[in-house]
Amino acid sequence: MARLSGLQRDVLSLYRQCLRAVREKPSDTRSHFRDFARAEFHKNQGVGKKDFGTIEYLLRRGRRQLETYQDPGIRDLH
Amino acid sequence: MFRTALLRSARSAVRAAPRCQASIARPARAFAQPKQIIPAAYVQAVRSYASSAGLSQDEVQGRIMDLLKNFDKVQDASKLNGESHFHNDLGLDSLDTVEVVMAIEEEFSIEIPDKEADAIHSVKQAVEYILRQPDAH
(Lines give C-alpha, C1' and ligand atoms only; values in the text may rest on other atoms or scores of the structure.)
Protein backbone atom coordinates (compact mmCIF):
# COMPACT_ATOMS: atom_id res chain seq x y z
CA MET A 1 0.00 0.00 0.00
CA ALA A 2 1.25 3.45 -0.86
CA ARG A 3 2.39 5.68 1.97
CA LEU A 4 -0.48 7.48 3.60
CA SER A 5 -0.86 11.24 3.79
CA GLY A 6 -1.37 12.97 7.12
CA LEU A 7 -5.05 13.43 6.42
CA GLN A 8 -5.47 9.75 5.54
CA ARG A 9 -3.79 8.80 8.78
CA ASP A 10 -6.17 11.09 10.65
CA VAL A 11 -9.10 9.28 9.11
CA LEU A 12 -7.74 5.88 10.05
CA SER A 13 -6.96 7.13 13.53
CA LEU A 14 -10.55 8.34 13.94
CA TYR A 15 -11.81 4.99 12.70
CA ARG A 16 -9.62 3.26 15.25
CA GLN A 17 -10.91 5.54 18.01
CA CYS A 18 -14.48 4.70 16.98
CA LEU A 19 -13.82 0.97 17.08
CA ARG A 20 -12.18 1.36 20.50
CA ALA A 21 -15.23 3.26 21.72
CA VAL A 22 -17.43 0.42 20.50
CA ARG A 23 -15.73 -1.89 22.97
CA GLU A 24 -17.08 0.21 25.84
CA LYS A 25 -20.66 -0.44 24.80
CA PRO A 26 -22.77 -3.27 26.23
CA SER A 27 -21.84 -6.54 24.53
CA ASP A 28 -25.33 -7.24 23.19
CA THR A 29 -25.57 -3.96 21.25
CA ARG A 30 -21.91 -3.67 20.31
CA SER A 31 -22.49 -4.95 16.79
CA HIS A 32 -25.00 -2.14 16.12
CA PHE A 33 -22.41 0.48 16.98
CA ARG A 34 -19.76 -1.30 14.99
CA ASP A 35 -21.94 -1.60 11.90
CA PHE A 36 -22.89 2.05 12.21
CA ALA A 37 -19.27 3.22 12.38
CA ARG A 38 -18.38 0.92 9.51
CA ALA A 39 -21.22 2.20 7.36
CA GLU A 40 -20.47 5.86 8.09
CA PHE A 41 -16.86 5.52 6.98
CA HIS A 42 -17.61 3.39 3.95
CA LYS A 43 -20.35 5.78 2.87
CA ASN A 44 -17.75 8.47 2.20
CA GLN A 45 -15.09 6.25 0.78
CA GLY A 46 -15.66 7.76 -2.66
CA VAL A 47 -14.52 11.23 -1.61
CA GLY A 48 -11.50 12.23 -3.66
CA LYS A 49 -8.08 12.03 -2.06
CA LYS A 50 -7.44 15.69 -2.88
CA ASP A 51 -10.81 16.92 -1.69
CA PHE A 52 -9.30 18.30 1.50
CA GLY A 53 -12.21 20.57 2.42
CA THR A 54 -14.73 17.76 2.37
CA ILE A 55 -12.46 15.34 4.21
CA GLU A 56 -11.71 17.87 6.91
CA TYR A 57 -15.38 18.65 7.29
CA LEU A 58 -16.21 14.93 7.55
CA LEU A 59 -13.45 14.43 10.09
CA ARG A 60 -14.81 17.24 12.24
CA ARG A 61 -18.30 15.82 11.96
CA GLY A 62 -17.06 12.33 12.76
CA ARG A 63 -15.22 13.49 15.85
CA ARG A 64 -18.28 15.28 17.10
CA GLN A 65 -20.43 12.23 16.44
CA LEU A 66 -17.93 10.03 18.25
CA GLU A 67 -18.11 12.31 21.27
CA THR A 68 -21.88 12.15 21.24
CA TYR A 69 -22.10 8.39 20.91
CA GLN A 70 -19.36 7.81 23.45
CA ASP A 71 -21.73 8.91 26.20
CA PRO A 72 -22.31 5.88 28.44
CA GLY A 73 -25.99 6.83 28.49
CA ILE A 74 -26.28 5.73 24.88
CA ARG A 75 -26.60 1.99 25.06
CA ASP A 76 -28.17 1.04 21.77
CA LEU A 77 -28.57 2.20 18.19
CA HIS A 78 -31.48 1.45 15.89
CA MET B 1 20.94 -23.54 35.75
CA PHE B 2 17.56 -23.77 34.12
CA ARG B 3 18.15 -27.43 33.47
CA THR B 4 19.00 -28.12 37.08
CA ALA B 5 15.93 -26.32 38.25
CA LEU B 6 13.84 -28.18 35.74
CA LEU B 7 15.18 -31.53 36.84
CA ARG B 8 14.82 -30.67 40.50
CA SER B 9 11.24 -29.54 40.19
CA ALA B 10 10.47 -32.53 38.02
CA ARG B 11 11.90 -34.80 40.66
CA SER B 12 10.00 -33.15 43.48
CA ALA B 13 6.86 -33.23 41.41
CA VAL B 14 7.33 -36.95 40.94
CA ARG B 15 7.84 -37.44 44.64
CA ALA B 16 4.96 -35.21 45.64
CA ALA B 17 2.32 -36.52 43.35
CA PRO B 18 3.01 -39.88 41.84
CA ARG B 19 -0.66 -40.65 41.53
CA CYS B 20 -2.18 -37.72 39.77
CA GLN B 21 0.29 -37.53 36.93
CA ALA B 22 -1.81 -39.67 34.70
CA SER B 23 -4.69 -37.27 34.98
CA ILE B 24 -2.58 -34.18 34.34
CA ALA B 25 -0.80 -35.63 31.36
CA ARG B 26 -1.99 -34.47 28.01
CA PRO B 27 -0.23 -36.72 25.56
CA ALA B 28 -1.32 -34.72 22.54
CA ARG B 29 0.85 -31.77 23.50
CA ALA B 30 4.07 -31.65 21.56
CA PHE B 31 7.20 -31.45 23.63
CA ALA B 32 9.90 -29.10 22.43
CA GLN B 33 12.97 -30.71 24.07
CA PRO B 34 13.21 -34.19 22.64
CA LYS B 35 16.69 -34.77 24.09
CA GLN B 36 15.37 -35.19 27.62
CA ILE B 37 14.34 -38.66 28.53
CA ILE B 38 11.82 -37.62 31.16
CA PRO B 39 8.40 -38.93 30.18
CA ALA B 40 5.91 -36.30 29.11
CA ALA B 41 3.85 -36.64 32.26
CA TYR B 42 6.59 -35.19 34.47
CA VAL B 43 7.18 -32.36 32.11
CA GLN B 44 3.54 -31.41 32.20
CA ALA B 45 3.85 -30.92 35.95
CA VAL B 46 6.85 -28.66 35.43
CA ARG B 47 5.24 -26.60 32.71
CA SER B 48 2.56 -25.37 35.04
CA TYR B 49 5.24 -23.67 37.16
CA ALA B 50 7.14 -22.15 34.28
CA SER B 51 4.33 -20.41 32.47
CA SER B 52 6.47 -17.55 31.15
CA ALA B 53 7.10 -19.32 27.86
CA GLY B 54 6.01 -16.96 25.08
CA LEU B 55 3.91 -17.66 22.04
CA SER B 56 5.32 -19.73 19.25
CA GLN B 57 5.36 -18.36 15.76
CA ASP B 58 3.07 -21.11 14.49
CA GLU B 59 0.52 -20.44 17.16
CA VAL B 60 0.47 -16.70 16.50
CA GLN B 61 0.19 -17.25 12.78
CA GLY B 62 -2.57 -19.80 13.23
CA ARG B 63 -4.61 -17.50 15.41
CA ILE B 64 -4.22 -14.57 13.02
CA MET B 65 -5.19 -16.75 10.05
CA ASP B 66 -8.28 -18.03 11.87
CA LEU B 67 -9.26 -14.48 12.59
CA LEU B 68 -8.87 -13.52 8.93
CA LYS B 69 -10.79 -16.58 7.82
CA ASN B 70 -13.75 -15.36 9.83
CA PHE B 71 -13.47 -11.79 8.57
CA ASP B 72 -16.31 -11.19 6.14
CA LYS B 73 -14.37 -8.75 3.95
CA VAL B 74 -11.75 -11.25 2.89
CA GLN B 75 -12.68 -11.91 -0.71
CA ASP B 76 -10.42 -14.74 -1.65
CA ALA B 77 -9.73 -17.02 1.30
CA SER B 78 -7.67 -19.33 -0.90
CA LYS B 79 -4.95 -16.68 -1.03
CA LEU B 80 -4.71 -16.67 2.72
CA ASN B 81 -1.32 -17.87 3.94
CA GLY B 82 1.52 -16.80 6.19
CA GLU B 83 2.75 -14.28 3.63
CA SER B 84 -0.55 -12.75 2.53
CA HIS B 85 -0.66 -9.03 2.06
CA PHE B 86 -3.92 -7.54 3.34
CA HIS B 87 -4.42 -5.27 0.35
CA ASN B 88 -2.70 -7.00 -2.55
CA ASP B 89 -3.73 -10.58 -1.78
CA LEU B 90 -6.85 -10.36 0.34
CA GLY B 91 -8.43 -7.31 -1.28
CA LEU B 92 -8.83 -5.39 1.96
CA ASP B 93 -8.87 -1.59 1.90
CA SER B 94 -7.25 0.62 4.51
CA LEU B 95 -10.39 0.72 6.69
CA ASP B 96 -10.60 -3.07 6.66
CA THR B 97 -6.94 -3.25 7.58
CA VAL B 98 -7.64 -1.09 10.62
CA GLU B 99 -10.39 -3.53 11.58
CA VAL B 100 -8.10 -6.52 11.19
CA VAL B 101 -5.40 -4.91 13.32
CA MET B 102 -7.98 -4.05 15.99
CA ALA B 103 -9.21 -7.64 15.96
CA ILE B 104 -5.62 -8.81 16.40
CA GLU B 105 -5.32 -6.46 19.39
CA GLU B 106 -8.34 -8.04 20.97
CA GLU B 107 -7.19 -11.57 20.18
CA PHE B 108 -3.85 -11.10 21.94
CA SER B 109 -5.09 -8.67 24.63
CA ILE B 110 -2.65 -5.90 23.78
CA GLU B 111 -2.93 -2.36 22.52
CA ILE B 112 -1.07 -1.42 19.37
CA PRO B 113 -0.19 2.29 19.08
CA ASP B 114 -1.42 4.04 15.92
CA LYS B 115 2.03 4.44 14.46
CA GLU B 116 2.86 0.76 14.66
CA ALA B 117 -0.64 -0.26 13.62
CA ASP B 118 -0.26 1.77 10.42
CA ALA B 119 2.84 -0.24 9.56
CA ILE B 120 1.11 -3.63 9.64
CA HIS B 121 0.03 -4.57 6.13
CA SER B 122 0.48 -8.31 5.99
CA VAL B 123 0.07 -11.48 7.99
CA LYS B 124 3.83 -11.75 8.28
CA GLN B 125 4.22 -8.24 9.68
CA ALA B 126 1.44 -8.90 12.18
CA VAL B 127 3.06 -12.15 13.35
CA GLU B 128 6.42 -10.43 13.73
CA TYR B 129 4.86 -7.60 15.69
CA ILE B 130 3.04 -9.94 18.08
CA LEU B 131 6.18 -11.99 18.66
CA ARG B 132 7.98 -8.81 19.68
CA GLN B 133 5.36 -8.08 22.36
CA PRO B 134 6.22 -9.73 25.66
CA ASP B 135 2.75 -9.26 27.11
CA ALA B 136 0.81 -10.70 24.18
CA HIS B 137 -1.00 -13.88 25.03
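Above this text you will find the structure in question.
So, here is what we can say about the structure in this document.

Parameters and conventions
- Residues numbered from 1 in each chain as written.
- Chains lettered and ligands numbered in written order.
- Predicted model: local features only at pLDDT ≥ 70, side-chain atom pairs only at ≥ 80, totals over all residues.
- Heavy atoms only, no water.
- Helix = DSSP H or I, 4+ residues; strand = E, 2+ residues; numbered from the N terminus.
- Buried < 20%, exposed > 50% of the residue type's maximum accessible area, 1.4 Å probe, protein only.
- Areas by Shrake-Rupley, 256 points an atom, 1.4 Å probe, with all protein chains shown as cover.
- Contact = heavy atoms within 4.5 Å.
- Salt bridge = Lys/Arg side-chain N within 4 Å of Asp/Glu carboxyl O.
- Nonpolar A, V, L, I, M, F, W, Y, C, P; charged D, E, K, R; others polar.
- Expected span 1.5 Å × (residues − 1).
- Arc of directions from axis to C-beta.
- Axes fitted to C-alpha atoms, helices over the stretch in contact; angles between N-to-C directions.
- Parallel < 35°, antiparallel > 145°, perpendicular 65-115°, else oblique.
- Left-handed = near helix turned anticlockwise from the far one by under 90°.
- Core = buried A, V, L, I, M, F, W, Y, C linked by side-chain atoms within 4.5 Å.
- Phe/Tyr/Trp six-rings, centres within 6.5 Å; stacked < 30°, edge-to-face > 60°.

### Considerations on the overall build of chain B
Here is step 1 of the chain: In terms of helices and strands, chain B carries seven helices and zero strands.
Here is step 2 of the chain: The secondary structure elements of chain B, listed N-terminal to C-terminal, are α-α-α-α-α-α-α.
Here is step 3 of the chain: The buried share of chain B, taken over its 137 residues, is 36%.
Here is step 4 of the chain: When the accessible surface of chain B is totalled, it reaches about 8700 Å², and 53% of it is carbon and sulfur.

### Here we look at the interface of chain A and chain B
How big an interface is tends to be reported as the loss of accessible area on association of its parts.
Here is step 1 of the chain: Tallying the contact residues gives 14 residues for chain A and 21 residues for chain B.
Here is step 2 of the chain: Run the count over chain A and chain B and you get eight salt bridges.
Here is step 3 of the chain: Of the charged contacts, one joins Arg-38 of chain A and Glu-99 of chain B as a salt bridge, the two residues approaching to 2.9 Å between their closest N and O atoms.
Here is step 4 of the chain: Every element with two or more residues in the side of chain A that touches chain B is listed here: α1 (6-22) and α2 (30-43) of chain A.
Here is step 5 of the chain: The greatest single-element share of the side of chain A that touches chain B, amounting to seven residues, is contributed by α1 of chain A.
Here is step 6 of the chain: Its residues assigned to classes, the side of chain A that touches chain B comprises five nonpolar, three polar and six charged.

### Examining helix α3 (residues 52-70) of chain A
All names here are of chain A.
Here is step 1 of the chain: The terminal C-alpha atoms of α3, which comprises 19 residues, lie 26 Å apart, in line with the 27 Å expected from a rise of 1.5 Å per residue.
Here is step 2 of the chain: If you check which residues of α3 are buried, you get Ile-55, Leu-58, Leu-59, Gly-62 and Leu-66. All buried residues of α3 fall inside an arc of 105 degrees around its axis, so they share one side. Turned more than 90 degrees from where α3 packs its buried face, Arg-64 and Glu-67 sit exposed.
Here is step 3 of the chain: Those residues of α3 that are buried lie in contact with α1.

### As for the packing of helix α4 (residues 57-69) of chain B against helix α7 (residues 123-132) of chain B
All names here are of chain B.
Here is step 1 of the chain: Running from N to C, α4 and α7 point in directions that differ by 130 degrees, and their axes come no closer than 10 Å. It follows from the interaxial angle that α4 and α7 lie oblique. Crossing handedness for the pair α4 and α7: right-handed. Between α4 and α7, the contacting residues are Gln-57, Val-60, Gln-61, Ile-64 and Leu-68 on the first element and Val-123, Ala-126, Val-127, Ile-130 and Leu-131 on the second.

### Quick look at the nonpolar core
All names here are of chain B.
Here is step 1 of the chain: Counting residues in hydrophobic clusters, the biggest one holds 25 residues, and the most contacted among them are Ile-64, Leu-68, Phe-86, Leu-92, Ile-104, Phe-108 and Ile-130.
Here is step 2 of the chain: Sorting the residues of this core by element identifies α4, α5 (94-107) and α7 as the ones contributing at least two each.
Here is step 3 of the chain: When near neighbours in sequence (up to four residues on either side) are disregarded, Ile-64 contacts Ile-104, Phe-108, Val-123, Ala-126, Val-127 and Ile-130.

### Thoughts on unusual backbone geometry
Here is step 1 of the chain: With a phi angle near 45 degrees, Ser-109 of chain B is a residue other than glycine that sits in the positive phi range.
Here is step 2 of the chain: For Ser-109 of chain B, the location among the structural elements is in the loop between α5 and α6 (114-118).

### Side note on the environment of Arg-63 of chain B
All names here are of chain B.
Here is step 1 of the chain: If you trace the backbone, Arg-63 turns up in helix α4.
Here is step 2 of the chain: Residue classification places Arg-63 among the buried positions, given a relative accessible area of 19%.
Here is step 3 of the chain: Residues Arg-63 and Ile-104, 41 residues apart in the sequence, show an inter-C-alpha distance of 8.8 Å.
Here is step 4 of the chain: If we ignore the near neighbours within four places in the chain, the residues touching Arg-63 are Leu-55, Glu-107, Phe-108 and His-137.

### Quick look at the packing of aromatic side chains
Residue and element names in this part refer to chain A.
Here is step 1 of the chain: Inspection of the entire model under this criterion finds two aromatic pairs over all chains.
Here is step 2 of the chain: When the ring of Tyr-15 is compared with that of Phe-41, the centres are 4.6 Å apart and the planes differ by 55 degrees; the resulting orientation is tilted. Taken as a pair, Tyr-15 in helix α1 and Phe-41 in helix α2 lie far apart in primary sequence, 26 residues in all.
Here is step 3 of the chain: By relative accessible area, which is 0% here, Tyr-15 ends up buried.

### Focus on the packing of α2 of chain A against α5 of chain B
Here is step 1 of the chain: Following both chains from N to C, one finds α2 of chain A and α5 of chain B inclined at 155 degrees, their axes separated by 11 Å at the closest point. Judged on the interaxial angle alone, α5 of chain B and α2 of chain A are roughly antiparallel. Note that α2 of chain A runs across α5 of chain B; the crossing there is right-handed. Taking contact as the criterion, the partners of Arg-34, Arg-38, Phe-41 and His-42 of chain A in α2 of chain A are, on α5 of chain B, Leu-95, Asp-96 and Glu-99 of chain B.
Here is step 2 of the chain: Per-class residue counts for the contact of α2 of chain A with α5 of chain B are two nonpolar, one polar and four charged.

Worth remembering: the numbers are spatial, not functional.
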